[in-house]
Amino acid sequence: MDLSRALGISAWEWWADVTPRHAARLVVDGRRLLSDAPSVQYRGIFLNDEDWGLQPWAAKTYEPEIGDIGPKTYARIFELMWRLKANLIWPAMHESTKPFYQIPGNAETAKAYAIVVGTSHAEPMLRNNVREWDEKTQGPFNFFTNRDRMVDYWRRRVNEVKAYENVYTIGLLGKHDSALEGAASPEQALAATARAIDLQRGLLATAQGKLADQVPQVLTLYKEVLDIYRSGLKVPEDVTLVWPEDNYGYLHQLPTAEEQGRKGGSGLYYHISYWGRPHDYLWLATTHPGLIREQLDRAWQTGTRKLWVVNVGDIKPGEVLASYFLDLAFDATLLQKPVRAQLSAWATAQFGAQGPAIADILVDYYDLAWERKPEFMGFSTVEPETPIRIGDYVRTGGEEAQARIARYQALLDKAETLAARMPEDRRDAFFQIVLYPVRGAAKLNERNLKLDLAALYGRQGRASVNALAAQARAAHRVIVADTAAYNAQSGGKWRGIMDMAPRRLAVFAEPPTPRSTSPRRPVRCRYPCARLHARQSRNALPYRLWKGCGERLDDRGIGRRRTFRPCGADRCEQWLRDAHRRAL
């Protein structure tokens, strides 16, 4: 891989169209070189939340003969991993994807590429419960009432895969990333987890024909598992403890001095893509490299050096951050290198002399998202989803919103200027790695903030409401067009890989935009306790959207389902009047 890099071949030569350039003459120094050992033994990626990119792209574009993420796709992924100096995969495991071991050729391809296979915290013993455990034929996934069938289920898998190189996740959870089923108390959950680990280690020892402490195992202390561990779970010394971050980049916990002395050592699990509470970030990869560096350095300093895994989602558009994470895992001395310098070196390797300018763009892009990720610009939460509301950037009069729009526009101007100068063989790569994320973030911010400003200025009686609404719609159309262009690149090579609205959350949707008209006229609200005079609006009138107690307006006047209990005619009338005033 070092020779490949020295020849100027990017790790992303296929996955981001960083086309290798022709060299008239190559000279290879024949001196014997001894590379340093990797800093972290197991360096891996987790393919996750693949429903909107990787899986539909593989199923319909790259590997339609399988109709899923099969051996042809995994071969491409494993080649990328080699080029990134990674050696561990946690395969895609959502319900949209057929389990890794159920597709012929997947395991064999991993073996051919010398890739170690593991699984996430929710998949003990290399089992994908969400698609492999059938409650109709096997009963409930309940260790208290259905233990024998669960043990047999684990036994069959470890026997099937014993010829391959694996790192086994042990422990006990619910069927799919949920709390342990059947436990009536923390004490019961603790006892059941300890018993399950004993049984699992026995199965591994029998299948491998060796002592359990000679079989690589991890316990990923994520969500409920961390709570069980903290309650007093005794984990065998040879098992690697994998510490998670909080889903937003901050490590929950790292090993104590006593835990640092464990034979199995420690690892970590990190996200640059996340689905879950309080809000997803599945579209653009915007975790700040400075935060990644700081957190990984904390881990390194506390002896967390056995296994590092990063959740890369659909792989794209996380090229920059995946490269950064895995570079640090392979060579921890890079933790001492400033982020901007590391990004500049990486961008130069991909794009040549424009590398430092690209690094400047990327740093500004991450800085802006550090304040608030694009996916969070609706100022809402998900699971359950709450209504989009006016954001804090306009709470002080709108100046902060205008300043943020201007900062993004200045960044976008730099990126577009650089794109126009990019050599032909780097334009697709620049669009995928730099321009699409930058313009997507800029236009989503512009769209949402200008809608917020339209609502604010409407209350103030300004004449710019309709113009701002039109600009917001135009910004949304740019995101739509760019996403279509992304999927059409290279003759349709990437058709289906990019989705601008993962999980179809409200923050991604083109919202109904307010339109201010005159004159005022009296309106009778459908709710009988309220009477009000309101400025007529095309799509934001409470009397038109209100439906009993089941629906209310968000701050822009867009109807969202929400339970609302009237608390008296006078207060209800005032609430409707305030809601309508916010809508204009």
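Above this note sits the structure.
Residues numbered from 1 in each chain as written. Predicted model: local features only at pLDDT ≥ 70, side-chain atom pairs only at ≥ 80, totals over all residues. Heavy atoms only, no water.

Strand pairing in a sheet relies on backbone hydrogen bonds. The paired strands run either parallel or antiparallel. Spatially, 3-2-1-8-7-6-5-4 is the arrangement adopted by the eight strands of the open sheet, whose pairing is parallel. Only two strands of the sheet have a single partner each, and these edge strands are strand 3 (116-117) and strand 4 (168-169). As paired strands, strand 5 (residues 217-220) and strand 6 (residues 240-244) are joined by three bridges and run parallel to one another. Bridging across to strand 6, Val-218 finds its partner in Thr-240. Contacts between helix 12 (residues 319-330) and the sheet are confined to strand 1 (42-47), strand 7 (266-271) and strand 8 (307-313), with strand 8 contributing the most and set at about 175° to the helix. (Pairing = 2+ DSSP bridges. Helix = DSSP H or I, 4+ residues; strand = E, 2+ residues; numbered from the N terminus. Contact = heavy atoms within 4.5 Å. Axes fitted to C-alpha atoms, helices over the stretch in contact; angles between N-to-C directions.)

The next thing to look at is the packing of helix 7 (residues 147-160) against helix 8 (residues 186-208). At a closest axis distance of 10 Å, the pairing of helix 7 and helix 8 adopts a crossing angle of 35°. Considering the relative orientation of helix 7 and helix 8, their crossing is right-handed. Of the residues in helix 8, those in contact with Arg-147, Val-151, Trp-154, Arg-155, Val-158 and Asn-159 of helix 7 are Arg-195, Ala-196, Leu-199, Gln-200, Leu-203, Leu-204 and Ala-207. (Left-handed = near helix turned anticlockwise from the far one by under 90°.)

The omega torsion across Arg-277 and Pro-278 is -10°, close enough to zero to call that bond cis. Mapped onto the elements, Pro-278 comes out in the loop between strand 7 and helix 11 (289-301). Here the residue pair Lys-316 and Pro-317 is connected by a cis peptide bond, since its omega of 5° sits within 30 degrees of zero. Looking at the element boundaries, Pro-317 is found in the loop between strand 8 and helix 12. A positive phi angle is found at Ala-114, which is not glycine, with a value near 55°. If you trace the backbone, Ala-114 turns up in the loop between helix 4 (106-112) and strand 3. By relative accessible area, Ala-114 is classed as partly exposed at 46%. The backbone of Leu-126 shows a phi angle near 60°, a positive value even though the residue is not glycine. Considering the arrangement of structural elements, one finds Leu-126 in the loop between strand 3 and helix 5 (129-132). Judged by its relative accessible area of 2%, Leu-126 falls in the buried class. (Buried < 20%, exposed > 50% of the residue type's maximum accessible area, 1.4 Å probe, protein only.)

Looking now at a nonpolar patch on the surface. A cluster of nonpolar side chains, Leu-3, Leu-7, Leu-26 and Val-28, forms an exposed patch at the surface whose accessible area comes to about 370 Å². Within the fold, Val-28 resides in the loop between helix 1 (2-6) and strand 1. Residue classification places Val-28 among the exposed positions, given a relative accessible area of 52%. (Patch = residues over 30% accessible without salt bridge, like charges linked within 9 Å, V, L, I, M, F, W, Y side chains within 5 Å. Areas by Shrake-Rupley, 256 points an atom, 1.4 Å probe, with all protein chains shown as cover. Salt bridge = Lys/Arg side-chain N within 4 Å of Asp/Glu carboxyl O.)

The next point concerns the environment of Ser-464. Looking at where Ser-464 falls in the secondary structure, it is placed in the loop between helix 16 (427-460) and helix 17 (465-492). The class of Ser-464 is partly exposed, set by a relative accessible area of 27%. Taking the C-alpha atoms as reference, Ser-464 lies 7.4 Å from Ala-454; in sequence the two are ten residues apart.

Turning to the side chain of Arg-201, a few remarks are in order. Structurally, Arg-201 can be placed in helix 8. Setting aside chain neighbours within four positions, we find Arg-201 in contact with Ala-212, Asp-213, Gln-217, Pro-236, Asp-238 and Val-239.

Across its 28 residues, helix 17 extends 39 Å between first and last C-alpha, which sits within 8% of the 40 Å expected from 1.5 Å per residue. At Tyr-486, helix 17 shows its largest kink, close to 30°. (Expected span 1.5 Å × (residues − 1). Bend = angle between axes of the 7 residues up to and from the residue.)

Considering all chains together, one arrives at 30 salt bridges under this definition. A salt bridge links Arg-277 to Glu-383, with the nearest nitrogen and oxygen atoms 4.0 Å apart. Note that Arg-277 is positioned in the loop between strand 7 and helix 11 and Glu-383 in the loop between helix 14 (355-371) and helix 15 (399-421), a separation of 106 residues in sequence. Under the relative-accessibility criterion, Arg-277 is labelled exposed at 56%.

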